[in-house]
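So you can see what is in the structure, the chains are spelled out below.
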Amino acid sequence: SSSSGDEALRDKRARILSRGLPKQKPIEGVKQVVVVASGKGGVGKSTTAVNIALALAANDSTKEVGLLDADIYGPSIPKMMNLKGNPELTSKNLMRPLKNYGISCMSMGFLVEETAPVVWRGLMVMSAVEKLLRQVDWGQLDYLVIDMPPGTGDVQLSVSQNIPVAGAVIVSTPQDVALLDACKGAEMFRKVHVPVLGLVQNMSVFQCPRCKHETHIFGADGVRDLAKTLGLDILGDIPLHVNIRETCDSGQPVVISQPQSDA
(Lines give C-alpha, C1' and ligand atoms only; values in the text may rest on other atoms or scores of the structure.)
Protein backbone atom coordinates (compact mmCIF):
# COMPACT_ATOMS: atom_id res chain seq x y z
CA SER A 1 0.00 0.00 0.00
CA SER A 2 1.00 3.63 -0.42
CA SER A 3 1.08 4.24 3.37
CA SER A 4 3.53 1.36 3.98
CA GLY A 5 5.62 2.63 1.04
CA ASP A 6 5.73 6.13 2.58
CA GLU A 7 6.75 4.66 5.94
CA ALA A 8 9.57 2.66 4.33
CA LEU A 9 10.77 5.82 2.56
CA ARG A 10 10.77 7.76 5.85
CA ASP A 11 12.75 4.98 7.56
CA LYS A 12 15.30 4.99 4.75
CA ARG A 13 15.70 8.77 4.96
CA ALA A 14 16.14 8.59 8.75
CA ARG A 15 18.87 5.91 8.34
CA ILE A 16 20.72 8.01 5.74
CA LEU A 17 20.50 11.15 7.89
CA SER A 18 21.70 9.33 11.02
CA ARG A 19 24.74 8.02 9.11
CA GLY A 20 25.63 11.58 8.15
CA LEU A 21 25.70 12.91 11.73
CA PRO A 22 28.80 12.31 13.86
CA LYS A 23 28.34 10.06 16.88
CA GLN A 24 28.68 11.99 20.12
CA LYS A 25 31.66 10.84 22.13
CA PRO A 26 32.38 12.23 25.61
CA ILE A 27 35.72 13.92 26.32
CA GLU A 28 37.73 11.50 28.44
CA GLY A 29 37.65 12.43 32.12
CA VAL A 30 35.08 15.23 31.71
CA LYS A 31 31.72 14.81 33.46
CA GLN A 32 29.76 17.90 32.36
CA VAL A 33 30.32 20.34 29.48
CA VAL A 34 28.80 23.82 29.60
CA VAL A 35 29.18 26.10 26.57
CA VAL A 36 29.07 29.89 26.88
CA ALA A 37 27.95 31.42 23.61
CA SER A 38 26.71 34.62 22.00
CA GLY A 39 25.20 35.39 18.66
CA LYS A 40 27.31 38.54 18.43
CA GLY A 41 30.88 39.48 19.31
CA GLY A 42 31.76 42.14 21.87
CA VAL A 43 29.02 41.35 24.41
CA GLY A 44 31.38 40.09 27.12
CA LYS A 45 31.06 36.37 26.45
CA SER A 46 34.69 35.48 27.28
CA THR A 47 34.63 37.60 30.44
CA THR A 48 31.45 35.79 31.49
CA ALA A 49 32.91 32.35 30.66
CA VAL A 50 36.06 33.02 32.70
CA ASN A 51 34.12 34.22 35.74
CA ILE A 52 31.63 31.32 35.48
CA ALA A 53 34.51 28.81 35.56
CA LEU A 54 36.10 30.56 38.55
CA ALA A 55 32.73 30.82 40.33
CA LEU A 56 32.02 27.09 39.86
CA ALA A 57 35.35 26.30 41.53
CA ALA A 58 34.86 28.93 44.26
CA ASN A 59 31.37 27.67 45.15
CA ASP A 60 32.59 24.10 45.69
CA SER A 61 36.29 23.48 46.32
CA THR A 62 35.81 19.74 45.77
CA LYS A 63 34.97 20.30 42.09
CA GLU A 64 37.62 20.30 39.35
CA VAL A 65 36.94 22.85 36.62
CA GLY A 66 38.45 23.34 33.16
CA LEU A 67 38.17 26.17 30.64
CA LEU A 68 38.47 25.60 26.89
CA ASP A 69 38.87 28.57 24.55
CA ALA A 70 37.21 27.47 21.29
CA ASP A 71 37.52 30.93 19.74
CA ILE A 72 40.28 30.08 17.27
CA TYR A 73 40.48 33.47 15.56
CA GLY A 74 40.32 35.61 18.71
CA PRO A 75 41.51 33.65 21.76
CA SER A 76 41.30 35.81 24.90
CA ILE A 77 41.48 33.23 27.71
CA PRO A 78 45.32 33.37 28.00
CA LYS A 79 45.24 37.11 28.80
CA MET A 80 42.20 36.93 31.06
CA MET A 81 43.59 33.95 33.01
CA ASN A 82 47.13 35.42 33.09
CA LEU A 83 48.69 32.44 31.32
CA LYS A 84 51.54 32.22 28.82
CA GLY A 85 53.61 29.44 27.33
CA ASN A 86 53.26 26.26 25.33
CA PRO A 87 51.53 23.15 26.68
CA GLU A 88 53.76 20.19 27.57
CA LEU A 89 53.06 16.83 25.95
CA THR A 90 52.30 13.66 27.89
CA SER A 91 53.74 10.24 27.02
CA LYS A 92 50.51 9.63 25.05
CA ASN A 93 51.19 12.78 22.97
CA LEU A 94 48.34 14.69 24.60
CA MET A 95 48.65 18.38 25.49
CA ARG A 96 48.68 19.27 29.19
CA PRO A 97 46.46 22.25 30.01
CA LEU A 98 48.04 25.31 31.61
CA LYS A 99 46.68 26.07 35.06
CA ASN A 100 45.98 29.20 37.07
CA TYR A 101 43.62 30.00 39.95
CA GLY A 102 42.97 26.24 40.12
CA ILE A 103 41.43 26.17 36.61
CA SER A 104 42.89 23.97 33.83
CA CYS A 105 42.95 26.03 30.60
CA MET A 106 43.52 25.25 26.93
CA SER A 107 43.50 27.79 24.10
CA MET A 108 44.74 28.36 20.58
CA GLY A 109 46.52 31.33 22.16
CA PHE A 110 49.00 28.90 23.77
CA LEU A 111 49.93 27.46 20.38
CA VAL A 112 50.55 30.65 18.35
CA GLU A 113 52.39 33.90 19.03
CA GLU A 114 50.33 36.45 20.96
CA THR A 115 50.29 38.99 18.13
CA ALA A 116 50.12 36.47 15.26
CA PRO A 117 46.79 36.38 13.39
CA VAL A 118 45.24 32.98 12.67
CA VAL A 119 44.69 33.27 8.90
CA TRP A 120 43.05 29.90 8.28
CA ARG A 121 40.27 28.45 6.17
CA GLY A 122 37.35 26.60 7.72
CA LEU A 123 38.78 23.08 7.46
CA MET A 124 41.94 24.08 9.33
CA VAL A 125 39.86 25.72 12.05
CA MET A 126 37.74 22.57 12.44
CA SER A 127 40.91 20.46 12.69
CA ALA A 128 42.20 22.78 15.44
CA VAL A 129 38.90 22.53 17.35
CA GLU A 130 39.04 18.73 17.11
CA LYS A 131 42.57 18.76 18.55
CA LEU A 132 41.54 21.08 21.41
CA LEU A 133 38.64 18.76 22.22
CA ARG A 134 40.31 15.37 21.82
CA GLN A 135 44.08 15.80 22.21
CA VAL A 136 44.17 17.40 25.65
CA ASP A 137 44.82 15.54 28.89
CA TRP A 138 42.14 17.13 31.08
CA GLY A 139 42.59 14.63 33.91
CA GLN A 140 39.33 14.35 35.86
CA LEU A 141 37.02 17.35 35.51
CA ASP A 142 33.58 17.88 37.02
CA TYR A 143 32.93 20.81 34.68
CA LEU A 144 34.46 21.94 31.40
CA VAL A 145 33.38 25.45 30.43
CA ILE A 146 33.80 26.11 26.70
CA ASP A 147 34.12 29.71 25.54
CA MET A 148 32.60 29.54 22.06
CA PRO A 149 33.33 31.94 19.19
CA PRO A 150 30.47 34.35 18.43
CA GLY A 151 27.85 33.34 15.89
CA THR A 152 26.17 30.12 14.78
CA GLY A 153 28.74 28.58 12.44
CA ASP A 154 30.88 25.48 11.98
CA VAL A 155 32.56 25.51 15.40
CA GLN A 156 29.26 25.70 17.31
CA LEU A 157 27.76 22.89 15.22
CA SER A 158 30.87 20.72 15.49
CA VAL A 159 31.12 21.05 19.28
CA SER A 160 27.37 20.46 19.74
CA GLN A 161 27.32 17.38 17.52
CA ASN A 162 30.62 15.75 18.54
CA ILE A 163 30.43 15.87 22.33
CA PRO A 164 27.55 15.61 24.81
CA VAL A 165 26.84 19.14 26.08
CA ALA A 166 24.97 19.52 29.38
CA GLY A 167 23.78 22.99 28.48
CA ALA A 168 24.41 26.35 26.82
CA VAL A 169 24.51 29.80 28.41
CA ILE A 170 23.73 32.67 26.00
CA VAL A 171 25.29 36.07 26.75
CA SER A 172 23.86 39.29 25.31
CA THR A 173 23.64 42.99 26.00
CA PRO A 174 20.15 44.55 26.07
CA GLN A 175 20.81 46.23 22.70
CA ASP A 176 18.34 45.27 19.94
CA VAL A 177 21.12 44.33 17.48
CA ALA A 178 22.69 41.94 20.01
CA LEU A 179 19.30 40.49 20.96
CA LEU A 180 18.53 39.48 17.37
CA ASP A 181 21.73 37.40 17.26
CA ALA A 182 21.21 36.02 20.78
CA CYS A 183 17.80 34.73 19.66
CA LYS A 184 19.42 32.99 16.67
CA GLY A 185 22.01 31.44 19.00
CA ALA A 186 19.35 30.06 21.34
CA GLU A 187 17.36 28.62 18.44
CA MET A 188 20.48 27.00 16.97
CA PHE A 189 21.17 25.11 20.20
CA ARG A 190 17.58 23.98 20.35
CA LYS A 191 17.84 22.61 16.81
CA VAL A 192 20.90 20.52 17.70
CA HIS A 193 19.20 19.35 20.94
CA VAL A 194 21.48 21.20 23.38
CA PRO A 195 19.52 22.47 26.42
CA VAL A 196 19.70 26.25 26.79
CA LEU A 197 20.25 26.82 30.51
CA GLY A 198 19.31 30.48 30.22
CA LEU A 199 20.41 33.99 29.26
CA VAL A 200 22.89 36.38 30.85
CA GLN A 201 22.16 40.09 30.46
CA ASN A 202 25.57 41.77 30.37
CA MET A 203 26.42 45.49 30.47
CA SER A 204 22.85 46.10 31.64
CA VAL A 205 23.36 49.41 33.41
CA PHE A 206 26.18 51.93 33.94
CA GLN A 207 26.45 53.69 37.30
CA CYS A 208 28.48 56.91 37.42
CA PRO A 209 31.23 56.37 40.03
CA ARG A 210 30.86 60.01 41.19
CA CYS A 211 27.17 60.83 41.35
CA LYS A 212 25.84 57.23 41.27
CA HIS A 213 23.38 58.13 38.50
CA GLU A 214 22.42 55.04 36.49
CA THR A 215 22.27 55.05 32.68
CA HIS A 216 21.01 52.18 30.50
CA ILE A 217 23.55 52.68 27.73
CA PHE A 218 22.50 49.61 25.71
CA GLY A 219 18.81 49.76 26.61
CA ALA A 220 16.88 48.37 29.56
CA ASP A 221 15.59 44.83 30.09
CA GLY A 222 15.98 43.71 26.47
CA VAL A 223 17.35 40.31 27.49
CA ARG A 224 14.59 39.88 30.07
CA ASP A 225 11.98 40.47 27.36
CA LEU A 226 13.75 37.98 25.06
CA ALA A 227 13.86 35.40 27.87
CA LYS A 228 10.09 35.69 28.31
CA THR A 229 9.55 35.31 24.56
CA LEU A 230 11.77 32.18 24.39
CA GLY A 231 10.56 30.75 27.69
CA LEU A 232 14.06 30.85 29.21
CA ASP A 233 15.51 31.88 32.57
CA ILE A 234 17.67 34.94 33.27
CA LEU A 235 20.79 33.53 34.94
CA GLY A 236 22.45 36.86 35.69
CA ASP A 237 22.18 40.60 35.24
CA ILE A 238 25.67 42.10 35.09
CA PRO A 239 26.31 45.87 35.14
CA LEU A 240 28.73 47.72 32.87
CA HIS A 241 31.39 48.18 35.53
CA VAL A 242 34.98 49.33 35.09
CA ASN A 243 36.23 46.80 37.70
CA ILE A 244 34.92 43.85 35.68
CA ARG A 245 36.76 45.07 32.57
CA GLU A 246 39.98 46.09 34.35
CA THR A 247 40.35 42.88 36.33
CA CYS A 248 39.93 40.65 33.27
CA ASP A 249 42.33 42.79 31.21
CA SER A 250 44.94 42.47 33.97
CA GLY A 251 44.53 38.69 34.23
CA GLN A 252 42.88 38.83 37.66
CA PRO A 253 39.15 38.24 37.00
CA VAL A 254 36.73 39.88 39.41
CA VAL A 255 35.54 36.58 40.95
CA ILE A 256 39.13 35.94 42.13
CA SER A 257 40.42 39.45 42.79
CA GLN A 258 37.29 41.06 44.29
CA PRO A 259 35.04 38.21 45.49
CA GLN A 260 33.22 40.41 48.02
CA SER A 261 32.39 43.22 45.58
CA ASP A 262 28.89 43.81 44.18
CA ALA A 263 30.23 43.08 40.69
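Everything quoted here is computed from the prediction, not taken from an experiment. (Residues numbered from 1 in each chain as written. Predicted model: local features only at pLDDT ≥ 70, side-chain atom pairs only at ≥ 80, totals over all residues. Heavy atoms only, no water.)

Peer 1: Whenever I open this one, the pairing of strand S5 (residues 141-147) confuses me. Can you help?
Peer 2: The side chains of a regular strand alternate between the sheet's two faces. Across the seven residues of S5, six count as buried, placing the element largely inside the fold. In this structure, strand S1 (residues 30-37) lies alongside S5, joined through six bridges in parallel fashion. For valine 36, the partnering residue across the bridge sits in S5 and is aspartate 147. Two strands pair when backbone bridges link them, and strand S2 (residues 65-69) and S5 are joined in this way by five bridges, in the parallel orientation. By the bridge assignment, leucine 68 is partnered in S5 with isoleucine 146. (Buried < 20%, exposed > 50% of the residue type's maximum accessible area, 1.4 Å probe, protein only. Helix = DSSP H or I, 4+ residues; strand = E, 2+ residues; numbered from the N terminus. Pairing = 2+ DSSP bridges.)

Peer 1: Even after reading the chapter, I still don't get the nonpolar core, so can you show me in this structure?
Peer 2: Within soluble globular proteins, side chains that are nonpolar generally end up buried alongside one another. Grouped together as the largest cluster of nonpolar side chains are 68 residues, with contacts concentrated most on Ile146 and Phe189. In this structure, phenylalanine 189 is in contact with Val35, Ala37, Met148, Ser160, Ala168, Ile170, Val194 and Val196, ignoring residues within four places of it in sequence. (Core = buried A, V, L, I, M, F, W, Y, C linked by side-chain atoms within 4.5 Å. Contact = heavy atoms within 4.5 Å.)

Peer 1: Mind showing me how you'd approach the pattern of salt bridges here?
Peer 2: When the charged atoms of two side chains lie near each other, side chains of opposite charge can form a pair. Summed over the entire model, instances satisfying the criterion amount to 11 salt bridges. One salt bridge connects glutamate 187 with arginine 190, and the closest N-O pair in it is separated by 3.5 Å. Here glutamate 187 pairs with arginine 190, and both are found in helix H6 (residues 176-191), just three residues apart, close to one helical turn. On the basis of relative accessibility, which here comes to 31%, the residue glutamate 187 falls in the partly exposed class. Its salt-bridge partner being aspartate 221, residue arginine 224 comes within 3.6 Å of it at the nearest N-O pair. Each of Asp221, Arg224 and Asp237 takes part in one network of salt bridges that share partners. (Salt bridge = Lys/Arg side-chain N within 4 Å of Asp/Glu carboxyl O.)

Peer 1: Help me understand the sheet that holds S5, please; the structure alone is not making it clear to me.
Peer 2: What links the strands of a sheet is backbone hydrogen bonding, and the strands pair in either a parallel or an antiparallel sense. Here we have eight strands laid out as an open sheet, ordered S3-S4-S2-S5-S1-S6-S7-S10, and mixed in their pairing. Looking at the sheet topology across the chains shown, the edges are occupied by strand S3 (98-100) and strand S10 (234-237). Strand-to-strand twist in this sheet, taken as the mean axis angle between neighbours without regard to direction, amounts to 25°. Of the pairings in the sheet, the one linking S2 to strand S4 (residues 103-107) comprises five bridges and is parallel in character. Paired with valine 65 across the two strands is isoleucine 103, which belongs to S4. (Axes fitted to C-alpha atoms, helices over the stretch in contact; angles between N-to-C directions.)

Peer 1: Can you walk me through the environment of glutamine 140 in this structure?
Peer 2: Note that glutamine 140 resides in the loop between helix H4 (122-134) and S5. Sequence separation between glutamine 140 and lysine 31 is 109 residues; the distance between their C-alpha atoms is 8.0 Å. Beyond its immediate chain neighbours, meaning those up to four positions away, glutamine 140 contacts Gly29 and Glu64.

Peer 1: Looking at this model, I keep getting lost on the packing of H4 against helix H5 (residues 154-162). Mind explaining?
Peer 2: To describe two helices that pack against each other, one gives the angle between their axes and the distance between the axes. Two numbers describe how H4 lies on H5: the axes approach to 10 Å, and their chain directions differ by 35°. With respect to the hand of their crossing, H4 and H5 are arranged in right-handed fashion. Residues Val125, Met126, Val129, Leu133 and Arg134 of H4 form the contact with H5, whose own contacting residues are Asp154, Val155, Ser158, Val159 and Asn162. Of the residues belonging to the contact of H4 with H5, the class tally is six nonpolar, two polar and two charged. (Left-handed = near helix turned anticlockwise from the far one by under 90°. Nonpolar A, V, L, I, M, F, W, Y, C, P; charged D, E, K, R; others polar.)

Peer 1: Is there a simple way to explain the side chain of threonine 173 in this structure?
Peer 2: Within the fold, threonine 173 resides in the loop between strand S6 (167-172) and H6. Residues contacting threonine 173, with those up to four places away along its chain left out, are Val43, Ala178, Leu179, Asn202, Met203, Phe218 and Val223.

Peer 1: Can you walk me through unusual backbone geometry in this structure?
Peer 2: Look at asparagine 82: it is not a glycine, yet its phi comes out positive at around 55°. Along the polypeptide, asparagine 82 turns up in the loop between helix H3 (77-80) and S3.

Peer 1: Mind showing me how you'd approach the packing of H6 against helix H7 (residues 222-230) here?
Peer 2: Where H6 contacts H7, the two axes come as close as 11 Å, and the packing angle between them is 30°. Here H6 and H7 pass one another in a crossing that is right-handed. Contact with H6, carried on its side by Leu179, Ala182, Cys183, Ala186, Glu187 and Arg190, involves Gly222, Val223, Leu226 and Leu230 of H7 and no other residues of that element. When the residues that make up the contact of H6 with H7 are grouped by side-chain class, the tally is seven nonpolar, one polar and two charged.

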